[in-house]
Amino acid sequence: MSIRFNFVVWYYYCFASYRLSPEFTYPIPLDDCEAAVTYFITHAEQYGVDPKRIVVAGDSAGGNLAAAVSLRLNSRKFPIPPIAQVLIYPALQMLELKFSAHLQNTIFIKMPVLCIHVLAYLGVGEDLLPAMLANNHTTAATKAEYASVFDVSILPDKYRSNEYRKPVHEGTPEAVRRVQDKVLDPFVFPLVASDELIRGLPCAYIVTAGLDALRDDGFFYAHKLRKQGVDVEHVDYPEGYHPFLMQIDGPFTNRLADRTLDNIAKYVQQKVKSG
């Protein structure tokens, strides 16, 4: 994929090698990514790169980290922020786990697997998996506080599910005690960030996939960013799944991945040239 992207964009790109969970839990992976981005920006000229024309990007967990790095830099008023963030089917929240995407899309990314990865990243034991899968890791009152962020009317009609019911359960006490504060940290899950943190973020290109359990996160985040004046281009691929972009080459190459990467490359080209 990187070779193809380099061919299409024809600019320099670099990858952040960060320490992974479960051996290294939050905030270490994010700290590593932020350090890599700030180092590259502040030393960009040594590599023949204009520091004011740098884009951060990631897919899935990498999309989460790209969004979180953008938030962190914005929160501390980093003098040379990235000009754009590209978020490819990003994981942006784990406060509410009974939206349409979670209920409808259980083939390509299964909720138990997703939750296990999240618990590992947070440094929380897998013994809380049943509570998280039952959506009892946060209280109904806490979910209600974020009702405007998770407004299902934001979703297209085709993605709304009649199965969704507003939570009434007050959560499993042990799970709430160990997890709730963590999933409310905006640098863990950017979708719960305050309006103040969102304002001034770099423009965003968000890719979502119709058959992805993380799909609704992207719709909610695009809406949240736009409300705070952030320029957003959101492209949804109804036939896409998690992680379809990985099939850009190899024996299972598909045209959707090729087309998606071309569209991302065009966006990056546009931002870099106009930066």
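Below or above, wherever it landed, is the structure these notes cover.

Each value, and the rule that gives it
Residues numbered from 1 in each chain as written. Predicted model: local features only at pLDDT ≥ 70, side-chain atom pairs only at ≥ 80, totals over all residues. Heavy atoms only, no water. Core = buried A, V, L, I, M, F, W, Y, C linked by side-chain atoms within 4.5 Å. Buried < 20%, exposed > 50% of the residue type's maximum accessible area, 1.4 Å probe, protein only. Helix = DSSP H or I, 4+ residues; strand = E, 2+ residues; numbered from the N terminus. Contact = heavy atoms within 4.5 Å. Phe/Tyr/Trp six-rings, centres within 6.5 Å; stacked < 30°, edge-to-face > 60°. Lys NZ or Arg CZ within 6 Å of the ring centre and 35° of its normal. Expected span 1.5 Å × (residues − 1). Arc of directions from axis to C-beta.

## Thoughts on the nonpolar core
Inference 1: Judged by nonpolar contacts, the single largest core of 66 residues is most densely connected at Leu71, Met94, Phe150, Ile198, Ile206, Tyr221 and Leu225.
Inference 2: Within the residue set of this core, elements represented by two or more residues are helix 2 (28–42), helix 3 (61–75), helix 5 (111–122), helix 6 (129–133), helix 8 (173–183), helix 9 (195–198), strand 3 (203–209) and helix 10 (215–227).
Inference 3: Once you skip the residues sitting within four places of it in the chain, Ile206 turns out to touch Leu87, Gly218, Tyr221, Ala222, Leu225, Val232, Glu233, His234 and Val235.
Inference 4: Counting 21 residues, the second-largest nonpolar core is a separate cluster that includes Ala84, Ile88, Tyr89 and Tyr267.

## Topic: the packing of aromatic side chains
Here a ring pair, both rings aromatic, is described through the centre-centre distance and the interplanar angle of the planes.
Inference 1: Evaluation of the coordinates by the stated rule reveals 11 aromatic pairs.
Inference 2: On the numbers, 5.7 Å between centres and 75° between planes, the contact of Tyr159 with Phe219 is edge-to-face. One end of the pair, Tyr159, is in the loop between helix 7 (140–145) and helix 8; the other, Phe219, is in helix 10, with 60 residues separating them in the sequence.
Inference 3: Residue class for Phe219 comes out buried when judged on its relative accessible area of 11%.
Inference 4: What links up through ring pairs into an aromatic cluster is the set Tyr89, Phe108, Tyr237, Tyr241 and Phe244.
Inference 5: Arg72 extends its terminal NZ or CZ atom over the ring of Phe187, reaching a point 6.0 Å from the ring centre.

## Some words on helix 5
Inference 1: Between its terminal C-alpha atoms helix 5 stretches 16 Å, which fits the 16 Å expected from 12 residues at 1.5 Å a residue.
Inference 2: When we look at burial in helix 5, the residues that qualify are Met111, Leu114, Cys115, Val118, Leu119, Tyr121 and Leu122. With its buried residues spanning 160° around the axis, helix 5 presents them on a single face.
Inference 3: As for helix 5, its buried residues are in contact with helix 2, helix 3, helix 4 (100–104), helix 6 and helix 8.
Inference 4: One or two positions beyond helix 5, positive phi appears at Gly123, with a value near 75°.

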